[in-house]
Amino acid sequence: MEELPADTAGGDGPGPRGLRGFLRRLTSSKAELEAEELQKTSDEEGATPIKACAVRRRACVAGTLRTVTLRPRGGAPALEAELYDGSDVINLVWLGRRRIAGIEPGRLVRAEGLVSMQDGRKVMFNPRYDLRGSS
Amino acid sequence: MKHAVIQMPKRVLVGRPLRTGQMGETLLPKKLALPVFCSDPLSSVAYATEEILLALSLGGLAMFYLSWWVGAGVVFLLLVVTASYRQTCHAYPNGGGAYAVSRANLGENASLIAASALLIDYVMTVAVSVAAGVANIVSAVPALSSHAVGIALAFIILIAVMNLRGVKESGTAFAIPTYGFVASVFLMVGVGVFRMLSGHPPVAESASLGIHAAHSTAGAAAVLLALRAFAQGCTALTGVEAVSNGVPNFKRPKSRNAATTLAIMGLLAVTMFGGITALAFAVHVHIANDPAQLIGAPKGYEQKTVIAQLGAAVFGHGSVLFFLVQAFTAAILVLAANTAFNGFPILASILGGDGYLPRQFARRGDRLVFSNGIVILSLLAGALIWAFHASTTRLIQLYIIGVFVSFTLSQAGMVKHWGAELRRVSEPVRRRSIHRSRAINFVGAVLTGLVLVIVLITKFVHGAWIVVVTMPVVFLMMKAIHRHYRRVDAELAASEDDVSLPSRIHAVVLVSRLHTPTLRALAFARATRPSTLTALSVATSEEEAQTLQREWGERDLPVPLTILDSPYRDITGPVLDYVGRIRVRSPRDVVCVFIPEYVVGRWWEHLLHNQSAFRLKARLLFRPGVMVTSVPWQLGSAEAALARRPEEAGFAARRRVRSGAA
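Residues numbered from 1 in each chain as written. Chains lettered and ligands numbered in written order. Predicted model: local features only at pLDDT ≥ 70, side-chain atom pairs only at ≥ 80, totals over all residues.

### Remarks on the pairing of strand β5 (residues 121-125) of chain A
Residue and element names in this part refer to chain A.
Here's step 1: Burial along β5 is one-sided: K122 and M124 are buried, while R121, V123 and F125, pointing the other way, are not.
Here's step 2: Here three bridges tie strand β3 (residues 89-95) to β5, and the two strands are oriented parallel to one another. Looking at β5, one finds that V93 is bridged to F125.
Here's step 3: Note that strand β4 (residues 108-118) and β5 share four bridges and pair antiparallel. Following the sheet pairing, S116 is matched in β5 by V123.
Here's step 4: The turn joining β4 and β5, which pair antiparallel and follow one another in sequence, is formed by two residues; a positive phi near 50 degrees is taken by D119. (Buried ≥ 20, exposed ≤ 12 C-beta atoms within 10 Å, placed from the backbone. Helix = DSSP H or I, 4+ residues; strand = E, 2+ residues; numbered from the N terminus. Pairing = 2+ DSSP bridges.)

### Details of the interface of chain A and chain B
Here's step 1: Across the boundary between the two partners, chain A contributes 20 residues, which contact 22 residues of chain B.
Here's step 2: If you list the elements that add at least two residues to the side of chain A that touches chain B, you get α2 (30-44) and β1 (58-70) of chain A.
Here's step 3: It is β1(A) that provides the largest number of residues to the side of chain A that touches chain B, a total of seven residues.
Here's step 4: Grouping the amino acids of the side of chain A that touches chain B by side-chain chemistry returns six nonpolar, five polar and nine charged. (Contact = placed C-beta atoms within 7 Å. Nonpolar A, V, L, I, M, F, W, Y, C, P; charged D, E, K, R; others polar.)

### What to know about helix α16 (residues 464-492) of chain B
For an α-helix, 3.6 residues make a turn, and residues three or four places apart therefore share a direction.
Here's step 1: Over its 29 residues, α16(B) extends 42 Å from the first C-alpha to the last, a length consistent with the 42 Å expected when each residue adds 1.5 Å.
Here's step 2: Among all positions in α16(B), only A464(B), V467(B), M471(B), V474(B) and M478(B) are buried. (Expected span 1.5 Å × (residues − 1).)

### Thoughts on the confidence of the model for chain B
Atom-level detail of predicted coordinates should not be read off regions where pLDDT is low.
Residues and elements named next belong to chain B.
Here's step 1: Averaged over every residue, the pLDDT of chain B is 82; the share at 70 or more is 91%.
Here's step 2: When pLDDT is averaged over each helix and strand of chain B, the minimum, 51, is found for helix α23 (residues 649-658) and the maximum, 93, for strand β3 (residues 505-510).
Here's step 3: Confidence drops under a pLDDT of 50 for residues 656-662, and excluding neighbours within four residues, the segment shows three contacts in the predicted structure. (pLDDT = per-residue confidence, 0-100.)

See the structure below:
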């Protein structure tokens, strides 16, 4: 979260055109490029940028799964994944599931559910999800 | 085995390592200290006369009558400087010479100027004296003249190795040539004087040659020429400072022994220099700065050094004694470098201890000498010789400035030192002797300062500007090093309050595949009981990630496995990113990254393993609040390598029992 490039975090569409835009595309880092691309796909999906998601409201988000964590057996089974759409991250948690085919790191996912806050980060429990072609 | 291969030649060259407690055994008695510290000042008499004559030759043969006066001036200065350095030995028994004196009396900047002058001077001493020695060898055996640079470099390496063996060893080895040179010069002068008195005055081979004047010798030009000759002759003073730098190397009572050695050296140098100059004047040695100035020289005539001409004139060309004089002269000229090899490391160690040079200079090597200083000195001097093609006259131009800067500063510092003493002491007897000492130092400071100015003026265009440029560079470098050390020290200083304990440790174990090293790292991480524990893997391909997930599930490991997406297929970036994003609840939380690592026994195996782990480790170390723990896994080849080293065989045996751990 701390690593988000400041100028792309607003999610205000494509950057400037012309020479300035060209220079910026040349000099921007990998992370900036990725964020920009993800924001574009999020727009195409018609999803809300995570940054703009209000807490305790249903929202539809789209982005790639940055991490997927397997909980060990023993505790309450849950599958956790982090969805990044170029503006912010949201944790997707599927309670009662240990594994979902297709929920893998790098996968493009569209998820819909109630956004809540836990320890200062956005979480969505048991979201409805669509797997999109791998990004 | 690798160990033994490195160890053996070092043992052969340098010798058995000495214990620190054996320090006392390496101290020098006077009879050994003389060759060690005085080979430089004594050797300079071998070329000082020649330098005077070369400078005078610019004004033609008529100017040679001035050599008397110039010689007398040099002798006077030599006596004054020797006398004042004797006092330095008593006042500053910890060594460091001009640097220590000016640090105590004139402040940091002056001391650093003195130090940079001395450092450059030492490098020059090695280069000049070796080049001069080689020039003398070439003078005797002209066939070698095309290999001068190679011979000079070989000598530097030889002296460096001897010095790495220890001060006392090198002193013993170099005593014979030093005393031999002194004896041979006295013999030569004595026989020359005897032949003159008995009515068969020796005549130099160049006595019949005339010399064109290259400069005008009217009025001011003659004075300038005389001054330049005086400045050239002052090379005879170089090396006098060496004893005062190396006082700690003397046997007890250190100061008194050092001062006595200095007095003996001063007397020897004065009589030898006076004798050679007088003899050169008496037998009409004619030598020209530029061979083209010679009148009436036979075709193919090559100018020999003054010592060579004197030896040939006194003993006869080709006689055994002539070659003996030549051999000893060459030997002492080369050995003069040895003095610098003692002075430079000591000075560098003092500077290193004070934080003006890298601290490693202050560390003693296997044989209780400052090995790093010796190695650096020989490298610098070798480079200088190579750059100047081992030419003595060209190198001496650079040389004398550094010496006189340090002379002037140390004398001025002593004047101030005595001033401070005078304010403290009240007994009249003691005060009178202090007044006398101060007067000596004052005369010395004025005279050496004068010579410095003359040298700067007369030699600036002849190459002295190189030193004038180099000295500030060295000065600024030492200042910068000191500033850096001070800044780091201030940053690292332990503050009053204790360092607070980390409140939580978030452990991350890096997993690439599920194998024994990973499992061992996991087991170790769990045993350290961190607040949170995650296994981290980067999915560079989908199949690998799936295999890992499946195996993880099958093994039923009680640690959550997080798989990171890596859109650009690199491993380092996502891990760094993840570590940066770990939820840190308080600034006192730390992240501990466990990296399983293979330890390999052969060099080429390094190319095949651990590449990404090393890269990751290097990057993680820059992150604040991140600890990196390597969990090593010794491969079979590493175990074999361990067993090959006899001193670590015990470890290897214990390791074999362990095999099942984790």
